[in-house]
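# Fold and geometry: a report
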Protein chains: 2
Amino acid sequence: MSTTKRIKKIQARLRRKKIDAILISQPHNRRYLSGYTATDHDIGESSGSLLIPARKNPLLLTDFRFQIQAERETKEMRVLLYPKGLQALLKELLPDLGISSLAFESHYTLHNVAEKLQTMCSKLSISLHPTYGIVEKMRTIKNKKEIEKTRSSVLLNEQVFQTVYKTIVPGQTEIDIALALESTMRRRSAEAPSFESIVATGERSALPHAVPGPVKIEKHKPLMIDMGLILDGYCSDMTRTFTLGKASKKYLEIHRLVRKAQLAGIQKIRAGVTAAAVDKAARRVISDAGYGKFFGHALGHGVGLAVHEEPRLSSRNRKQLKAGMIVTVEPGIYLPGWGGIRLENMVVVREDGCEILNNDTTWLDI
Amino acid sequence: MSTTKRIKKIQARLRRKKIDAILISQPHNRRYLSGYTATDHDIGESSGSLLIPARKNPLLLTDFRFQIQAERETKEMRVLLYPKGLQALLKELLPDLGISSLAFESHYTLHNVAEKLQTMCSKLSISLHPTYGIVEKMRTIKNKKEIEKTRSSVLLNEQVFQTVYKTIVPGQTEIDIALALESTMRRRSAEAPSFESIVATGERSALPHAVPGPVKIEKHKPLMIDMGLILDGYCSDMTRTFTLGKASKKYLEIHRLVRKAQLAGIQKIRAGVTAAAVDKAARRVISDAGYGKFFGHALGHGVGLAVHEEPRLSSRNRKQLKAGMIVTVEPGIYLPGWGGIRLENMVVVREDGCEILNNDTTWLDI
């Protein structure tokens, strides 16, 4: 689906709901609908918003700093600047466009910004409608082009992993490895890492979100690498855990258990199955072996323009998976004081099962 | 001011306003008040919230993934986990603590989250009070310890710049230089870059927020490097622009003009002067020379735990500067098709003037 088709779909929805326009500020949604690739430094420092009227051409509203980029990247879309801020521009623009009802993204608008928007709209007799996740829902189902882009992202991520994996030796620090990963990503023309790489050794691998530190890699201890990159907008995300030198009996036992849980999850995935059922299938393997309380997070998450997106593969998500969704399958067991093992692959949901996007087999079936 | 004293200050304010507790979720505010250093992957994926009752000990609420880190980093603060999410925990906790009025951060709470919080509070007969920037305002005035930490951050940032500056040669790409900066930062034990380094060559330097690309550095053209790092929580931010080989007459003219504007801004800074007056003093130098419309951003911004914080040195900010504030002074001239020149230093506002934190003199007075 091209950006034009996506915009048309949003416009059709607006007309059905009898709303005159929607303001899209979430950076991935903005990119999905316009091709404009700028990210936000943070939610309080926006790189722009799309104003999509139900029956007129969409506009990209941004500031001076992003003008050149915005004009280059958006096709057939007028770029308007707001030297005095977005609200000042909207105050003139909305009446000019004859807009008397406006939707906004409730999940990417700060409470104080929404309050000001409400005050402005009240003065202009415009009704304001919070929406939640409309574009995110569209984004969960990937078309062929998006699946191919994700496949390329996964492939490049694996190549980066394999390149760096070969160079790892005891005595290097977590930071050394993280830097090697990130510079290899950039040199091979990834846009950016999709998140800060996790490199965690020994008992530090029991912290599921460890930040790489100046800690030396030791032999025979778990070494967890969780990494991803962005290529042409699409994210990859992969975790491998292994040891340098011979693995202990305990390591092998837990590693094999995690892999068994991962395979149980993957085997359950197909269109029509609930996310919770997939989580349950993997979790049962770990619980049955007595490690249930050491697997404290959800089994996986959607991946696309964002590295974490819908659907979550969690025990609380009763929604059915659909063909074209891309999700991670990443069970883990974390033993405080000993370390953690997590294995993560990405799969595309199909009508009759799923397709694993990963080819890397490093330390999977040991 | 220790975290304990800061908490007491917040509690005193709550009692004055007759509010029973405040929920603090903004990551820098959370760190400022507790010492807990986790960052948020994004605003929708919180690493935790502080619940500060007016008359009881504060609590850190987080999830499984951050438990070990939270317990290690916070002193005399109970850590509670929310396996079913923050709101589910608050629903039990608030009545238990006898809280009947709750403040929250309107500027770091999503509209849809605030709506849910409102629904929950209504059911529990708790009044909900949006607040704006209470902790941020405290953070604008740095104490001696914070100024020293910032000084160390600026010093390390300059050392990194100087190390990499010496290695720059024509033919390298923007990405090569950006990677060298970031890996040097990490190896010298910066926590992280304070923002993604900007390395922009030739006409690309006219984009104030250029992302480093696979573009080769050429002789005689402007090369802009805008970089910063985080050391012990505190940010630095510096921009230098220069050319490899001889600079053109035009380059020298514009560079000297930008430097003159920077010095005019710095000379204006002292406690009691408005932010707008400082911006104006620098801007006038550029406008008088006929380049006014090519300086499209504000003169500077506060720096502390966040790389962009209050006060903004902009023509619209009529507030007075106060002693202990730390701000950047960074005028720039951006000529489309030719390139841009920006120079940025950081200063501490003093009663009788300001103290420049930078020592690096590379290509300042040429």
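Preceding this section is the structure that the text describes.
Report on the accompanying structure. (Residues numbered from 1 in each chain as written. Chains lettered and ligands numbered in written order. Predicted model: local features only at pLDDT ≥ 70, side-chain atom pairs only at ≥ 80, totals over all residues. Heavy atoms only, no water.)

### Comments concerning the overall build of chain A
When helices and strands are counted, chain A shows 10 helices and 19 strands. Against the globule reference of 21 Å for 366 residues, chain A gives a C-alpha radius of gyration of 23 Å, in line with a compact fold. Counting only residues that meet the buried cut, chain A has 58% of its 366 residues in that class. Of the roughly 15700 Å² of accessible surface on chain A, a fraction of 51% belongs to carbon and sulfur atoms. Across chain A, 56 positive and 38 negative side-chain charges occur, with their mean positions spaced 5 Å apart. (Helix = DSSP H or I, 4+ residues; strand = E, 2+ residues; numbered from the N terminus. Rg over C-alpha atoms; globule rule 2.2 N^0.38 Å. Buried < 20%, exposed > 50% of the residue type's maximum accessible area, 1.4 Å probe, protein only. Areas by Shrake-Rupley, 256 points an atom, 1.4 Å probe, with all protein chains shown as cover. Lys, Arg positive; Asp, Glu negative; His and termini not counted. Charge placed at Lys NZ, Arg CZ, Asp CG, Glu CD.)

### Focus on the nonpolar core
Counting 52 residues, the largest nonpolar core has Ile177(B) and Ile225(B) as the members making the most contacts within it. Considering each element in turn, this core owes the most residues, 7 residues, to helix 9 (residues 249-268) of chain B. Those residues in contact with Ile177(B), other than ones at most four positions away along the chain, are Val164(B), Ile168(B), Gln172(B), Val199(B), Ile217(B), Leu223(B) and Ile225(B). Judged by nonpolar contacts, the second largest core, of 51 residues, contains Val199(A), Leu257(A), Ile286(A) and Val329(A). (Core = buried A, V, L, I, M, F, W, Y, C linked by side-chain atoms within 4.5 Å. Contact = heavy atoms within 4.5 Å.)

### A few points about the pairing of strand 2 (residues 49-53) of chain B
Residue and element names in this part refer to chain B. The buried fraction of strand 2 is high, at 5 of 5 residues. Of the two faces of strand 2, both are covered, the one formed by Ser-49, Leu-51 and Pro-53 as well as the one formed by Leu-50 and Ile-52. Pairing analysis gives 4 bridges linking strand 1 (residues 21-24) to strand 2, with the strands arranged antiparallel. Each residue of the ladder has a partner; that of Ala-21, found in strand 2, is Pro-53. (Pairing = 2+ DSSP bridges.)

### Side note on the environment of Phe242(A)
Residues and elements named next belong to chain A. Turning to its location among the elements, Phe-242 is positioned in strand 12 (residues 238-242). When the C-alpha positions of Phe-242 and Ile-341 are compared, they lie 8.2 Å apart, and in sequence the two are 99 residues distant. Once you skip the residues sitting within four places of it in the chain, Phe-242 turns out to touch Phe-161, Tyr-165, Ile-168, Lys-221, Pro-222, Leu-223, Ile-225, Tyr-251 and Trp-363.

### With respect to the sheet that holds strand 12 of chain A
All names here are of chain A. Strand order in the open sheet formed by 3 strands is 8-9-12, with antiparallel pairing between adjacent strands. Edge positions in the sheet fall to strand 8 (198-201) and strand 12, since each has one partner strand and no second. Strand-to-strand twist in this sheet, taken as the mean axis angle between neighbours without regard to direction, amounts to 10 degrees. Against the sheet, helix 7 (residues 144-165) touches strand 9 (223-227) and strand 12, its axis set at about 25 degrees to strand 12. (Axes fitted to C-alpha atoms, helices over the stretch in contact; angles between N-to-C directions.)

### Focus: the relation of the copies chain B and chain A
Mapping chain B onto chain A is achieved by rotating through 180 degrees and translating by 0.0 Å along the same axis, at an RMSD of 0.0 Å. In symmetry terms, the pair is related by a two-fold rotation axis. Of the interface residues in chain B, 100% have counterparts in chain A that sit at the interface too, so the contact is made through matching surfaces. (Least-squares fit on C-alpha atoms with pLDDT ≥ 70 in both.)

### So, the pattern of salt bridges
Proximity of charged atoms lets side chains of opposite charge pair with each other. Taken as a whole, this structure holds 41 salt bridges over all chains when the rule is applied. Two residues, Asp176(A) and Arg187(B), come together in a salt bridge whose shortest N-O distance is 3.0 Å. Remark: Arg187(B) occurs in helix 8 (residues 174-187) and Asp176(A) occurs in helix 8 (residues 174-187); the pair is interchain, linking two chains. Classification of Arg187(B) by relative accessible area gives exposed; the value is 54%. Connected through salt bridges with shared partners, the residues Glu148(A), Arg151(A), Arg350(A) and Glu355(A) form a single ionic network. (Salt bridge = Lys/Arg side-chain N within 4 Å of Asp/Glu carboxyl O.)

### So, the layout of surface pockets
Residues and elements named next belong to chain A. Put simply, the second largest pocket is a space of about 720 Å³. The wall of the second largest pocket is formed by 30 residues, among which Ser-2, Thr-3, Thr-4, Ser-34 and Gly-35 lie closest to the centre. Here the lining of the second largest pocket takes 6 residues from helix 1 (residues 3-16), the largest share from any one element. Each residue belonging to the lining of the second largest pocket can be placed in one class, and the counts come to 8 nonpolar, 10 polar and 12 charged. Viewed by domain, the lining of the second largest pocket spans two of them, domain 1 (3-138) and domain 2 (141-356), each represented by three or more residues. (1 Å grid on protein atoms, 1.4 Å probe; cavity = no way out; pocket = protein on both sides within 12 Å on 5 of 7 lines; lining within 4 Å. Points joined across faces, edges and corners; volume = space filled by probe spheres on them. Nonpolar A, V, L, I, M, F, W, Y, C, P; charged D, E, K, R; others polar. Domains from an automatic or database assignment.)

### Notes on the packing of helix 7 of chain A against helix 8 of chain A
Each pair of packed helices gets described by two things: the angle between the helix axes and the distance between those axes. Residue and element names in this part refer to chain A. At their nearest, the axes of helix 7 and helix 8 sit 9 Å apart, and the two run at 135 degrees to each other. Considering the angle they form, helix 7 stands oblique to helix 8. Between helix 7 and helix 8 lies a crossing of right-handed hand. Counted together, Asn-157, Val-160, Phe-161, Thr-163 and Val-164 of helix 7 and Ile-177, Ala-180, Leu-181, Thr-184 and Met-185 of helix 8 form the full contact between these two elements. Here the contact of helix 7 with helix 8 is composed, by residue class, of 7 nonpolar, 3 polar and no charged. (Parallel < 35°, antiparallel > 145°, perpendicular 65-115°, else oblique. Left-handed = near helix turned anticlockwise from the far one by under 90°.)

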